[in-house]
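Structural characterization, general
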Amino acid sequence: MGEQTIPVTVLSGTLGAGKTTTLNHVLRESDDRDLAVLVNDMGEVNVDADLVAESSDIADEDEELVELSNGCICCELRGDLLDAIGGLTRDQEFDAIVVESTGVAEPLPVAQTLTLGFDQSDLDPTEFYEETGIEPLENCHLDTTVTVVDAHQFDEAMQSDEILDDDGTKKHLGDLLVEQVEFCDVLLLNKCDLVDDATLDEIEATLEMLQPRAEIVRTTHGRVDVDEIIDTDRFDFEEASRSAGWMQELQEPHQSAEEEHGVTSFVFEARRPFHPERFAELLDAFPEPVVRSKGHFWLAGREEMALMVNVAGQSIRVAPAGNWIATLPPEEREDQFEAYPELEETWDDEWGDRGTKLVVIGTEMDHESIRERLELCLLTDEEMDADWDAFDDRFPTFEPPEETDEDVTEDPEHDGQEEIGIAD
Ligand SMILES: Nc1nc2c(ncn2[C@@H]2O[C@H](COP(=O)(O)OP(=O)(O)OP(=O)(O)O)[C@@H](O)[C@H]2O)c(=O)[nH]1
């Protein structure tokens, strides 16, 4: 794998960020490379493929264009994506392949599909192959994931409550933007011509906080040095899925976060549960400077299961984060102690591992005031002795997970996160 196989670059980015413009630039600048291009076109929403096909610069016999329509390559077209790459590369030797996702695609499932399809991942692909009927492709590797960010729309998109529909899956624009930023190797901060330098510095500081690993390149009209995004060998699935800022912050918190352009982060920890009503109220009107928050929490009345909160701009979702280790049979608990020795150090005689750990990232945040507001959501001494089941609890109910030995300190990234819809 690697050297001799065809490098695949995936371009993501919200609608209108400049993916097609970047792709056109790459094609124009790649006279010395034979490129294949796959464009995911969502029918009426997106006419990229037409634009690409019409461009005379691109209608070059060395290049091949495949359009994947009527669906999303992060959802039902996952198999089609691999089929298309398989078809393209069966008889022709390309130097590289560029995949342009739709503006609503999540990069993680696309990368998962490619790493599984190229047999490049440590995950067991058997089920995937059975489900899709796909033969693993041995002649390609996922090389670089690129997210194009629209500098001009960034703040607005983060604060937007616009809901996007990705083939039936509804998500907030801000949530998608954060996912795209958190999962990539290279961030193109595009449309720099429309934004002043001070604002660009601020956006870049936020991007760095959200995604410390990615290379950030400022561009105008997608004019990037092609070597920054093609055949870079930058992609690593494990690293990519673990590198998001909030994850690093949870694992190695630096309490007095270095401030750059007003972007800071802190970790909130507590060993008492949140009052479900007060915490719901806080989430309803989450402090505006918070750009991103994620972590697990303990909700009074939910002593079986840890919950996970995921705030990205205006989007707030809650998901199950696995059973508390305290609920496990003693022998399984011992296994967990062995695997995670630090668990024993923080174990509470009464409540075991139950507790809350959230990372909060934001711009111009007053840490103390946000910390205080979170603390006010914790049960008071009096409430600690009350009947917790009697509290008004608007959070969604989740079925207990089948596997009970999940470590809640790891991010399980469960599917099925629920938009909590606390506001209504
Ligand atoms: N001023 C300015 N406009 C840009 C820049 N990059 C792209 N645009 C314009 O922004 C619009 C959207 O660009 P596209 O490249 O089509 O964006 P996209 O991400 O492919 O959009 P979708 O395919 O709809 O998701 C076009 O009108 C581009 O000409 C830039 O750096 N500066």
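Basis of the calculations
- Residues numbered from 1 in each chain as written.
- Predicted model: local features only at pLDDT ≥ 70, side-chain atom pairs only at ≥ 80, totals over all residues.
- UniProt positions renumbered as here; feature names shortened; annotations may be inferred.
- Helix = DSSP H or I, 4+ residues; strand = E, 2+ residues; numbered from the N terminus.
- Buried ≥ 20, exposed ≤ 12 C-beta atoms within 10 Å, placed from the backbone.
- Contact = placed C-beta atoms within 7 Å.
- Near = placed C-beta within 6 Å.
- Nonpolar A, V, L, I, M, F, W, Y, C, P; charged D, E, K, R; others polar.
- Domains from an automatic or database assignment.
- pLDDT = per-residue confidence, 0-100.
- Pairing = 2+ DSSP bridges.

- Under the annotation held in an unreviewed UniProt entry, the protein chain carries the name GTP-binding protein and is attributed to Halosolutus amylolyticus.
- The UniProt entry for the protein chain carries the following comment under Catalytic activity (unreviewed entry): "GTP + H2O = GDP + phosphate + H(+)".

**What about the overall build of the protein chain?**
- Secondary structure summary: the protein chain contains 15 helices and 15 strands in total.
- Out of the 424 residues in the protein chain, the part that is buried amounts to 42%.
- Taking contacts inside the protein chain between residues at least 6 apart in sequence as the whole, the part at least 24 apart equals 80%.

**Digging into the site of the ligand**
- Around the ligand sit 18 residues in total, of which Gly 18, Lys 19, Thr 20, Thr 21 and Gly 103 are the nearest.
- Considering each element in turn, the shell around the ligand owes the most residues, three residues, to helix α1 (residues 19-28).
- Looking at side-chain class alone, the shell around the ligand contains three nonpolar, 11 polar and four charged residues.

**Remarks on the domain arrangement of the protein chain**
- Looking at the protein chain, the domain boundaries give domain 1 (6-243) and domain 2 (247-419).
- Residue-level contacts link 18 residues of domain 1 with 15 residues of domain 2.
- Taken together, the elements giving at least two residues each to the side of domain 1 that touches domain 2 come down to α6 (154-159), β7 (169-172), α7 (173-182) and α8 (197-210).
- Here the side of domain 1 that touches domain 2 takes six residues from α8, the largest share from any one element.
- Of the residues assigned to the side of domain 1 that touches domain 2, the class counts are six nonpolar, six polar and six charged.

**Some points on the UniProt feature "domain: CobW C-terminal" (unreviewed entry) in the protein chain**
- Those places that UniProt annotates as "domain: CobW C-terminal" (unreviewed entry) correspond, in this numbering, to residues 263-378.
- Along residues 263-378 the backbone is 29% helical and 35% strand, and the end-to-end C-alpha distance reaches 26 Å.

**A word on the environment of Thr 145**
- For Thr 145, the position within the fold is in strand β5 (residues 140-150).
- Classification of Thr 145 as buried rests on a count of 28 C-beta atoms within 10 Å.
- Separated by 113 residues in sequence, Thr 145 and Asp 32 place their C-alpha atoms 22 Å apart.
- Not counting the four nearest positions on each side in its chain, Thr 145 is found in contact with Val 10, Pro 107, Ala 111, Phe 183, Cys 184, Asp 185, Phe 235 and Ala 240.

**So, α7**
- Along α7, 10 of the 10 residues are buried, which leaves the element largely enclosed by surrounding structure.
- Within the sequence span of α7, burial applies to Leu 173, Gly 174, Asp 175, Leu 176, Leu 177, Val 178, Glu 179, Gln 180, Val 181 and Glu 182.

**Description of the confidence of the model for the protein chain**
- Per-residue confidence for the protein chain gives a mean pLDDT of 81; residues scoring 70 or more make up 81%.
- Taken together, the stretch residues 403-416 has pLDDT below 50 and engages in 23 contacts with residues farther than four places along the chain or on a different chain.
- In the predicted structure, residues 420-424 sits below a pLDDT of 50 and forms 11 contacts with residues beyond four places in sequence or in another chain.
- Note on the complex model: pTM 0.74, ipTM 0.98.

**Here we look at unusual backbone geometry**
- Non-glycine residue His 221 carries a positive phi angle of around 50°.
- Note on placement: His 221 falls in the loop between β9 (215-218) and α9 (237-242).
- At Asp 233, a residue that is not glycine, the phi angle is positive and equals roughly 65°.
- As for its position among the elements, Asp 233 is in the loop between β9 and α9.
- Residue classification places Asp 233 among the exposed residues on the basis of 12 C-beta atoms within 10 Å.

**Remarks on the pairing of strand β1 (residues 6-12)**
- Most of β1 sits inside the fold, with seven of its seven residues counted as buried.
- On β1, burial covers both faces: Ile 6, Val 8, Val 10 and Ser 12 on one face and Pro 7, Thr 9 and Leu 11 on the other are all buried.
- Alignment of β1 against β5, held across seven bridges, turns out to be parallel. Bridge pairing links Thr 9 to Thr 144 in β5.

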